[in-house]
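One-letter residues, chain by chain:
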Amino acid sequence: MEMPSQVFFATFVVLSMLASGCLGGNEAIVPVEDESDAFSEYQQVDTEMDTHSNLREFLSIDLAFVENWPSLSNDTFIQQLIDSGHAANFSWAVYDATYGGNCCEHYIAATKEGSILNFGGEYPVWSHDRGHEWDTYLPTIIPDTSCRTPAPTAPGQEGLGEGSIVQAVNGDLISMGWFPYIGLDLKVDKFYAFLYDENAGSWSWCYNRITEPFYDRSWQVEIVGPIQSNIGSNDWGSFVISNFWHQTQNVGGQVSIDGLNYYPISFPGRNDDIDIVELELNASALGVEWDFTKPHKEMRAFPVPESNGGGLLFPNYFSNGDDAYLGTTLTWVADPDLIEGGIWIGEWYRHQINGVGLPSDYCNIASQGGLHCFTKEDRIITHMLSWDGGYTWQNQSYNFTGLAESIEEWEFHISGENDLAILNVRYQSAAGPDIDTVFHIRGYSESLAPDSMTFVGLGDLDSTSGAGNDIRFDFASITILNDGGAVIAYHDSSDPDPLFAVEQEMPDYGPEES
């Protein structure tokens, strides 16, 4: 069992917050009227915590008692915080690449029922009990009978791969795997769709051919329905996009209305003059399932609740800053020149709130309402929250300027049910190594100011995203479980591949006793 603690002190970075006002120059602990702190209600949430095979301790800082952020690089000040009970080590269960990851990343998600999901490697992997027992879905030799391309496979021998996964509002799991290299299935650069049907309680899969070569890591999101088309309908649609093609051209999008058979979809041009709509994005009575529909931020889209029109919104898509809205009606158009035989034509609109698009590519709606957007400008990340559908905003900024060389990777997640937001930032410190942190914003409905910051891992490794680098950490990936526990992907020198950690000690986010 490895429990690093003091090693963090040598790698603390200087941090500051724009929204906190001017910072002092001393290194004294900030006096606070109410001496209770961010950790006073912490408890062990997993009664079997001690049975985890790899339990580590990460240092958390109570931010209410830190006025001068540069003092976090001072060992004496850190010890003062620890001695006064305003900084402490807490347990996290740690997992390596054999739990659903690969050489370079994890793709973490969760379900409303409390499962941890990971599709960083070849196949969907999950745990129903906070990481004690794990299972993996391997495709059967023969695919589902509904597959338009009924190609068999060699289960578990498809070659190296990576995927994406997310839970739909109705509880289904939509996911896909991309296998770039040839395997015993004798196919290359292939796209396998994996679907878990909540009602049937079973997995199925289909092989899909795609138009864009070298598809790359997928991002995936639900299109909230009901979806109507000229070749079928469903409660939802699944939208998958290629990281590589999405970043370079308006192509790489694939849509399925059954979670198994995907066809390309046309995107509007960034300057297309199409009809404008304004959606009501101030949903306030969404169920807990909406805490688990968020895709990875690089999907750069989020599902729109059925009560607000359904469909999918791509914030800040058009050249002038307007959003792109994909409605719930799709039309299949046959085209014999395409490998798939046809293409989806979507019901696309420009979208504005009060005459402008949303302020960022990265937005999401969680349960209990509230529209969250995050921006990154150089070394400043800003969290914005609107309770009226995007007309007015509250802001909280995290400023790393002059304190880190760069922000390497970052991600956010919101749990409306637990009134909790987390922001994960991996940045390159001025000293060289990359530092993994997670900020907890508890009670964000009252204040966006984070109440704690945790250093995740050793913070002693300089890694880079992208093929060809010897030490890789390709993207941040996080989630929040239904009990409020955070799951954070990170990388340090204790393992050659990225790891992920599951929070074990935290406040009880359940309903208050009457």
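These numbers come from a predicted model, not from an experiment.

1. Some thoughts on the overall build of the chain
In step 1: Counting secondary structure elements, the chain contains 2 helices and 32 strands.
In step 2: Residue burial in the chain is summarised as follows: out of 514 residues, 59% are buried.
In step 3: In the chain, the proportion of contacts linking residues at least 24 apart, taken out of those at least 6 apart, comes to 62%.
In step 4: Element-wise, carbon and sulfur atoms account for 48% of the exposed surface of the chain, whose accessible area totals about 19,300 Å².

2. Brief notes about the sheet that holds strand 3 (residues 87-95)
Strands belonging to one sheet form pairs held by backbone hydrogen bonds; the direction of such a pair is parallel or antiparallel.
In step 1: As summarised here, the arrangement of the 9 strands in space is 25-26-27-28-2-3-31-30-29, forming an open sheet in which the pairing is antiparallel. In the strand order of this sheet, the two ends are held by strand 25 (404-415) and strand 29 (478-480), each with one partner. On average, each strand axis in the sheet is tilted by 25° relative to the strand beside it, whichever way the strands run.
In step 2: With 4 bridges joining them, strand 3 and strand 31 (residues 499-503) adopt antiparallel strand pairing. Of the residues in strand 31, the one forming a bridge with Tyr95 is Phe500.
In step 3: Helix 1 (residues 75-83) contacts strand 2 (55-62) and strand 3 of the sheet and is inclined by roughly 95° relative to strand 2.

3. Concerning the packing of aromatic side chains
In step 1: Taken as a whole and assessed by the stated rule, the structure comprises 42 aromatic pairs.
In step 2: Measuring from centroid to centroid gives 4.6 Å for Tyr42 and Phe90, while their planes differ by 50°, and the two rings are tilted. Within this pair, whereas Tyr42 is found in the segment before strand 1 (43-44), its partner Phe90 is found in strand 3, the two being separated by 48 residues in sequence. Judged on exposure class, the residue Tyr42 and its partner Phe90 are both buried.
In step 3: The interplanar angle of 80° and the centroid separation of 5.8 Å between the aromatic rings of Phe58 and Tyr490 together place this pair among those described as edge-to-face. Of this pair, Phe58 sits in strand 2 while Tyr490 sits in strand 30 (residues 486-490); the two residues are 432 residues apart in sequence, bridging distant segments of the chain. For the residue pair Phe58 and Tyr490, the accessibility class agrees, reading buried in each case.
In step 4: A connected cluster of aromatic rings, assembled from ring pairs, spans Phe119, Tyr123, Trp126, Tyr137, Phe179, Tyr192, Phe194, Tyr196, Trp203, Trp205 and Tyr207.
In step 5: Over the aromatic face of Phe412 sits the side chain of Lys294, whose NZ or CZ is 4.5 Å from the ring centroid.
In step 6: Here the guanidinium or amino end of Arg350 rests over the ring plane of Phe318, the centre of that ring lying 4.0 Å away.

4. A few points about the environment of Gly183
In step 1: Assignment of secondary structure puts Gly183 in the loop between strand 9 (173-179) and strand 10 (190-197).
In step 2: In this structure, the C-alpha to C-alpha distance between Gly183 and Leu160, residues 23 residues apart in sequence, is 8.1 Å.

5. Description of the sheet that holds strand 22 (residues 371-377)
In step 1: One open sheet accounts for 4 strands, arranged 21-22-23-24; its pairing is antiparallel. The open sheet is flanked by strand 21 (362-365) and strand 24 (394-399), the only strands paired with a single partner. Neighbour-to-neighbour, the strand axes of this sheet turn through a mean angle of 15°, independent of strand direction.
In step 2: As paired strands, strand 21 and strand 22 are joined by 4 bridges and run antiparallel to one another.

6. Points about empty space enclosed by the protein
In step 1: In total, this model carries 3 cavities of 30 Å³ or more according to the counting rule given.
In step 2: Around the largest cavity, the lining comprises 16 residues; the ones closest to its centre are Ile108, Lys294, Pro295, His296 and Ile478.
In step 3: At the level of secondary structure, the elements contributing two or more residues to the lining of the largest cavity comprise strand 4 (108-110), strand 8 (162-167), strand 25 and strand 29.
In step 4: A breakdown of the residues in the lining of the largest cavity according to their chemical character gives 10 nonpolar, 4 polar and 2 charged.
In step 5: If you add up the space inside the second largest cavity, you get close to 50 Å³.
In step 6: Lining the second largest cavity, in full, are Lys294, Pro295, His296, Lys297, Arg300, Ala301, Asp361, Tyr362, Cys363, Asn364 and Phe412.
In step 7: Along the lines of polarity and charge, the residues of the lining of the second largest cavity split into 5 nonpolar, 2 polar and 4 charged.

7. A word on the pattern of salt bridges
Close approach of charged atoms allows side chains of opposite charge to pair.
In step 1: Applying the stated criterion to the full structure yields 16 salt bridges.
In step 2: With a closest N to O distance of 2.7 Å, Asp483 and Arg130 form a salt bridge. Residue Asp483 is found in the loop between strand 29 and strand 30, and its partner Arg130 is found in the loop between strand 6 (125-127) and strand 7 (135-136); the two are separated by 353 residues along the sequence.
In step 3: Assessed through its relative accessible area of 25%, Asp483 is described here as partly exposed.
In step 4: Here the residues in one salt-bridge network are Lys297, Glu298, Arg300 and Asp361, joined through shared partners.

8. Describing the nonpolar core
In step 1: In this structure, Phe239 and Phe314 are the most contacted members of the largest nonpolar core, which totals 40 residues.
In step 2: Contributions of two or more residues to this core are made by strand 9, strand 10, strand 11 (202-208), strand 12 (218-229), strand 13 (232-242), strand 18 (312-314), strand 19 (323-334) and strand 20 (342-351).
In step 3: Grouped together as the second largest cluster of nonpolar side chains are 32 residues, Ile61, Phe65, Ala421 and Ile441 included.

9. As for helix 1
In step 1: Every buried residue of helix 1 is listed here: Phe77, Ile78 and Leu81. Buried positions in helix 1, seen along its axis, are confined to an arc of 100° and lie on one side of it. Turned more than 90 degrees from where helix 1 packs its buried face, Thr76 and Asp83 sit exposed.
In step 2: Buried residues in helix 1 make contact with strand 2 and strand 3.
In step 3: Of the residues one or two after helix 1, Gly85 is the one with positive phi, at around 85°.

Criteria and cut-off values
Residues numbered from 1 in each chain as written. Predicted model: local features only at pLDDT ≥ 70, side-chain atom pairs only at ≥ 80, totals over all residues. Heavy atoms only, no water. Helix = DSSP H or I, 4+ residues; strand = E, 2+ residues; numbered from the N terminus. Buried < 20%, exposed > 50% of the residue type's maximum accessible area, 1.4 Å probe, protein only. Contact = heavy atoms within 4.5 Å. Areas by Shrake-Rupley, 256 points an atom, 1.4 Å probe, with all protein chains shown as cover. Pairing = 2+ DSSP bridges. Axes fitted to C-alpha atoms, helices over the stretch in contact; angles between N-to-C directions. Phe/Tyr/Trp six-rings, centres within 6.5 Å; stacked < 30°, edge-to-face > 60°. Lys NZ or Arg CZ within 6 Å of the ring centre and 35° of its normal. 1 Å grid on protein atoms, 1.4 Å probe; cavity = no way out; pocket = protein on both sides within 12 Å on 5 of 7 lines; lining within 4 Å. Points joined across faces, edges and corners; volume = space filled by probe spheres on them. Nonpolar A, V, L, I, M, F, W, Y, C, P; charged D, E, K, R; others polar. Salt bridge = Lys/Arg side-chain N within 4 Å of Asp/Glu carboxyl O. Core = buried A, V, L, I, M, F, W, Y, C linked by side-chain atoms within 4.5 Å. Arc of directions from axis to C-beta.

None of the figures reported here should be taken as evidence of function without further support.
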